[in-house]
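Residue strings, one per chain:
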Amino acid sequence: MTTENIARSPQIGGHTDGVLATEDDMLLIKQALPVELQFYRAIAAASDPQITALRPWIPRFLGTLTLQGEIDPDAPTSETNIPVKPLSESSSSRNDNKDEFGFSLVLENLTHPFSKPNILDIKLGTVLYDENAPPDKVARMIKTAETTTTLRTGMRLTAFQVYDNASGDPVLTPKTYGKSISAEQLPEGFERFFPVAGTQGLPAPLLLQILELLREDVQDIRDVLADIELRMIGASLLILYESDAARAEEGIKWMLRDPDEDEQESEDEDEDDEEEDGPPRPYDVRLIDFAHTRFTAGKGPDDGVLLGLDTILDQLDRRMAAVRSI
Ligand code: ADP
Ligand code: MN
């Protein structure tokens with residue numbers, strides 16, 4: 001991999017330019033703290049079925065890259081020590097802190113199977129500060145939790161993008177929106193992210209199919225997390241769905257296909273695009289951002305995160321009811 005293969009990836013939440021994608025768009029390179037690496041490694045190494053049940057719900061973890069910062073053409077390179085370009089021109093404090101961020105995680109890029117992904121980052125939990133955070137940060141984070149939906153509902157709409165059918169471009173709703181709304185306004189937020197027909201949005205029956213499947217997955221994530229003793233501070237639920245209706249429809253058909261028929265097909269047909277690039281995906285939902293997530297044996301599950309997932313399930317139910325009544 002050369003530096004030219006590294007491009008920007010749509011980044012919905014997040015505070016820095018710390019996330020890059022490879023040019024083929026399949027992998028994502030994220031600057032990381034040791035805590036996040038530990039979490040991905042622990043899940044990769046786990047044999048406990050309660051922990052391995054989390055694997056399908058986080059991005060695939062392929063390994064780490066060592067950052068070299070400035071590119072030195074004379075520097076020796078190897079498979080495990082690949083130069084990458086500086087992650088931000090206007091380097092933030094995060095990028096400057098070379099002791100803290102010496103490496104990056106190589107993760108599955110969840111946007112890759114999509115043509116025009118609508119993407120929503122929802123910050124989970126009622127607690128936004130790490131136990132080691134300095135007192136001023138703790139005070140700030142308590143205030144943020146109290147003045148947003150976080151404390152009451154266990155979640156906050158961090159930010160989202162929704163494609164505009166007319167222009168063909170994604171429209172970003174920034175952090176300020178999710179921070180400004182009350183719990184009572186959450187249905188409006190979900191309506192903005194799951195619009196029906198119009199200039200944005202899928203036809204109602206297709207959107208409903210996606211919402212139903214998505215809801216089952218969120219319920220599964222909730223059930224898995226109810227059996228794991230951890231504290232997830234500042235992690236997100238990332239929801240993606242295809243805004244290109246034809247492709248979303250194709251993706252649903254693929255998901256609900258009969259596997260027996262599929263075997264038949266693969267005997268008849270040559271390798272096609274779907275084999276190379278993977279089938280189209282109608283939607284996806286995963287947990288991301290584990291910079292402050294730790295296993296906490298003996299302390300039980302993270303009730304704030306479970307509350308947030310319950311809120312999301314409730315909002316999905318309301319959205320489905322509203323779409324059905326259209
Ligand atoms: P930060 O610590 O900057 O908040 P995140 O892990 O939350 O880092 O990533 C920031 C943003 O990057 C997310 O809101 C999401 O839009 C995007 N992102 C992160 N991980 C992935 C992934 N595996 N696939 C696709 N997009 C991702
Ligand atoms: Mn984040």
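Residues numbered from 1 in each chain as written. Chains lettered and ligands numbered in written order. Predicted model: local features only at pLDDT ≥ 70, side-chain atom pairs only at ≥ 80, totals over all residues. Heavy atoms only, no water.

The protein chain goes by Kinase in an unreviewed UniProt entry, where it is assigned to Mycena chlorophos. The UniProt entry for the protein chain carries this comment under Sequence similarities (unreviewed entry): "Belongs to the inositol phosphokinase (IPK) family." (UniProt positions renumbered as here; feature names shortened; annotations may be inferred.)

What follows is about the packing of aromatic side chains. For the structure shown, the criterion picks out eleven aromatic pairs. Look at F39 and F290: their rings are 4.4 Å apart centre to centre, the planes differ by 35°, and that puts the pair in the tilted class. A residue pair is termed long-range when its members are at least 10 positions apart, and F39 in helix α1 (residues 34-45) and F290 in the loop between β11 (283-288) and β12 (292-295) qualify at 251 residues. Ring pairing ties together the aromatic residues F160, Y177, F190, F193, F194 and Y241, which thus form one cluster. One cation-aromatic arrangement involves R257 over W254; the distance from NZ or CZ to the ring centre is 4.4 Å. (Phe/Tyr/Trp six-rings, centres within 6.5 Å; stacked < 30°, edge-to-face > 60°. Helix = DSSP H or I, 4+ residues; strand = E, 2+ residues; numbered from the N terminus. Lys NZ or Arg CZ within 6 Å of the ring centre and 35° of its normal.)

Attention now moves to the nonpolar core. A general trend in soluble globular proteins is that nonpolar side chains are found buried together. Counting 60 residues, the largest nonpolar core has L157, F194, L225, L237, L287 and I312 as the members making the most contacts within it. Ranked by residue count, the leading element in this core is helix α8 (residues 204-226), at twelve residues. Of the residues that make up this core, three or more belong to each of domain 1 (6-108) and domain 2 (117-249 + 279-324). Other than its neighbours up to four places away in sequence, L237 contacts L120, D121, I122, L124, V218, I221, V285, R286, L287, L309 and I312. I12, A159, L238 and I288 belong to the second-largest nonpolar core, a separate cluster that totals eight residues. (Core = buried A, V, L, I, M, F, W, Y, C linked by side-chain atoms within 4.5 Å. Buried < 20%, exposed > 50% of the residue type's maximum accessible area, 1.4 Å probe, protein only. Domains from an automatic or database assignment. Contact = heavy atoms within 4.5 Å.)

This brings us to the packing of α8 against helix α12 (residues 303-324). Direction vectors running N to C along α8 and α12 enclose 165°, while the axes themselves pass 10 Å from each other. Viewed along their axes, α8 and α12 adopt a mutual orientation that is roughly antiparallel. Helix-helix and strand crossings are classified by hand; for α8 and α12 the assignment is left-handed. Here the residues of the contact of α8 with α12 are counted per class, giving 17 nonpolar, one polar and seven charged. (Axes fitted to C-alpha atoms, helices over the stretch in contact; angles between N-to-C directions. Parallel < 35°, antiparallel > 145°, perpendicular 65-115°, else oblique. Left-handed = near helix turned anticlockwise from the far one by under 90°. Nonpolar A, V, L, I, M, F, W, Y, C, P; charged D, E, K, R; others polar.)

Taken domain by domain, the protein chain consists of domain 1 (6-108) and domain 2 (117-249 + 279-324). Counting residues at the interface gives 23 residues for domain 1, matched by 28 residues for domain 2. Counting each side, the surface lost to burial between domain 1 and domain 2 is near 2100 Å², with a carbon and sulfur contribution of 70%. When the area that domain 1 buries against domain 2 is broken down by residue, the three leading residues are I12, F39 and W57, summing to 38%. Along the contact surface separating domain 1 from domain 2 lie two salt bridges. (Buried area = accessible area lost by both parts, 1.4 Å probe. Salt bridge = Lys/Arg side-chain N within 4 Å of Asp/Glu carboxyl O.)

Time to look at the site of ligand 1. If you check the shell around ligand 1, you find 17 residues, and the closest are I12, G13, K30, L110 and D121. K30 has a polar side-chain atom sitting 2.8 Å from an oxygen atom of ligand 1. Measuring from an oxygen atom of ligand 1, one finds a side-chain N or O atom of D289 at 2.9 Å. Contact with the protein chains hides 97% of the accessible area of ligand 1, taken as 550 Å² for the molecule alone. Residues belonging to the shell around ligand 1 are distributed by class as follows: seven nonpolar, five polar and five charged. Taken together, domain 1 (6-108) and domain 2 (117-249 + 279-324) each give at least three residues to the shell around ligand 1, which thus spans both. (Near = heavy atom within 4 Å. Polar contact = N/O pair within 3.5 Å; in protein donor to acceptor, adjacent residues only side chain to side chain. Areas by Shrake-Rupley, 256 points an atom, 1.4 Å probe, with all protein chains shown as cover.)

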